[in-house]
Amino acid sequence: MSKKYDYLIVGSGLYGATFAYMAKKSGKSCLVIDKRAHIGGNVYCESIEGINVHKYGAHIFHTSNKEVWDFVNSIVEFNRYTNCPVANYKGKLYNLPFNMNTFYQMWNVTTPAQAEAKLEEQRAEAKQSLNGREPQNLEEQAKLLIGNDIYEALIKGYTEKQWGRSCSELPAFIIRRLPVRMIFDNNYFNDKYQGIPVGGYNKLIEGLLDDVEVRLNVDFFKEREQLESIADKIVYTGAIDEYYNYCYGQLQYRTVSFETTIEDTPNYQGNAVVNYTEREVPYTRIIEHKHFEMFGQDVFNCLKSVISKEYSTEWKPGMEPYYPVNDALNNELAEKYRILASQENNVIFGGRLAEYKYYDMAPIVEKVLNYWK
Ligand code: UDP
């Protein structure tokens, strides 16, 4: 390992892999290391029964940024998958995001005017209890956005399961991710472009890391001194608190565990994503992986199906961190680490864990592309 690289990239997830691609394109030398036995971080897929299984949770690429879309499509072709999750609340199905289908299912209203009237009635109640105040937390924000009926059936239980905290303790911004539509449109995202790489996410990561030196099963913290000496700059994509040896204390994360099974049917639930929104069902959602990449007759040509039940728990050392918990206490702590990070001359901190930010995939790619501009 005596060679001096321009960049040591710690982590081969989407941030690290895109960074390596851009660095290589600019004539820089890179070494990518990853503590896991595979590349791709949490976008990695495992092939089971010929189906690409999103090992670390469902990933759907969506963006309105044409440059980002063109960039990822220059690495691998994307399919036409459009995310239309369905919510199951006590056995009854509702379409997501909140749109005319949901309002029809919830209130039996059939026109936008009827739905608007019903929403206004519910929002007025929320406004009254706010008494002129801005919404301070997720519960207040959700009721103001969509009213009590939908909050109780489709938001409260799901959110409390996912975050392990009461909606009144969670930040309002989480729920602002979800669109509210007065049309019959079940597309979960508002973005112009959306899809899944043809052949799965591994194709994207392999394309980005083509011709880049990668070493797997290498733990940065076990060989830190030696690794830090082999490159001019470090691109660090792991958890920021771990980088600083938890000197101010540990940041909190949510982690997800999956119960993955092979089902003896070509079509288990008829959709890639079904959310179970009541508190009493222990998992948050069931993913049926084939629907991300198989459409029409292809679904039935593949006789089996692979499903994952997703359980959300608090992160503990030794587990994989997934979601930063961006409540006031954690944000304050993260800010202290970010101040330390901003004083580093030769270390770039990037991605969900290193920035402690609830990033989607496309903004990660955008950030790296902007860095190289
Ligand atoms: N959410 C909800 N009910 C649902 C789906 C989502 O209340 O059926 C809320 C929940 O608080 C969640 C947030 O919306 O944390 C964002 O959901 P999204 O599906 O965007 O999260 P991700 O796919 O990143 O897990």
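Residues numbered from 1 in each chain as written. Predicted model: local features only at pLDDT ≥ 70, side-chain atom pairs only at ≥ 80, totals over all residues. Heavy atoms only, no water.

1. Brief notes about the packing of aromatic side chains
1) Next: Counted under the stated rule, the structure contains 33 aromatic pairs.
2) Next: Judged by centre distance (5.4 Å) and plane angle (75°), the rings of tyrosine 21 and phenylalanine 71 are edge-to-face. With tyrosine 21 in helix H1 (residues 14-25) and phenylalanine 71 in helix H2 (residues 66-75), the pair connects residues that are 50 residues apart, well separated along the chain.
3) Next: Judged by relative accessible area, which is 17%, tyrosine 21 ranks as buried.
4) Next: Looking at phenylalanine 71, the relative accessible area reads 10%, which means it is buried.
5) Next: Here the basic side chain of arginine 80 rests over the ring of phenylalanine 295, its NZ or CZ set 4.1 Å away from the ring centre.
6) Next: Across from the ring centre of tyrosine 248, 4.7 Å away, lies the NZ or CZ of lysine 336, which sits over that ring. (Phe/Tyr/Trp six-rings, centres within 6.5 Å; stacked < 30°, edge-to-face > 60°. Helix = DSSP H or I, 4+ residues; strand = E, 2+ residues; numbered from the N terminus. Buried < 20%, exposed > 50% of the residue type's maximum accessible area, 1.4 Å probe, protein only. Lys NZ or Arg CZ within 6 Å of the ring centre and 35° of its normal.)

2. Points about the pattern of salt bridges
For side chains of opposite charge, pairing can occur when their charged atoms come near one another.
1) Next: Tallied over the entire structure, the rule returns 21 salt bridges.
2) Next: The salt bridge involving glutamate 67 is made with lysine 373; its shortest N-O contact spans 3.0 Å. Taken together, the residues glutamate 67 in helix H2 and lysine 373 in the segment after helix H14 (361-372) connect sequence positions 306 residues apart.
3) Next: Take lysine 373: its relative accessible area is 64%, and that puts it in the exposed class.
4) Next: Arginine 165 is the partner of aspartate 327 in a salt bridge, and the nearest nitrogen-oxygen pair spans 4.0 Å. Of this pair, aspartate 327 sits in the loop between strand S15 (323-324) and helix H12 (328-342) while arginine 165 sits in the loop between helix H6 (148-163) and helix H7 (173-176); the two residues are 162 residues apart in sequence, bridging distant segments of the chain.
5) Next: For aspartate 327, a relative accessible area of 14% translates into the label buried.
6) Next: In this structure arginine 165 comes out as buried when scored by relative accessible area, which is 11%. (Salt bridge = Lys/Arg side-chain N within 4 Å of Asp/Glu carboxyl O.)

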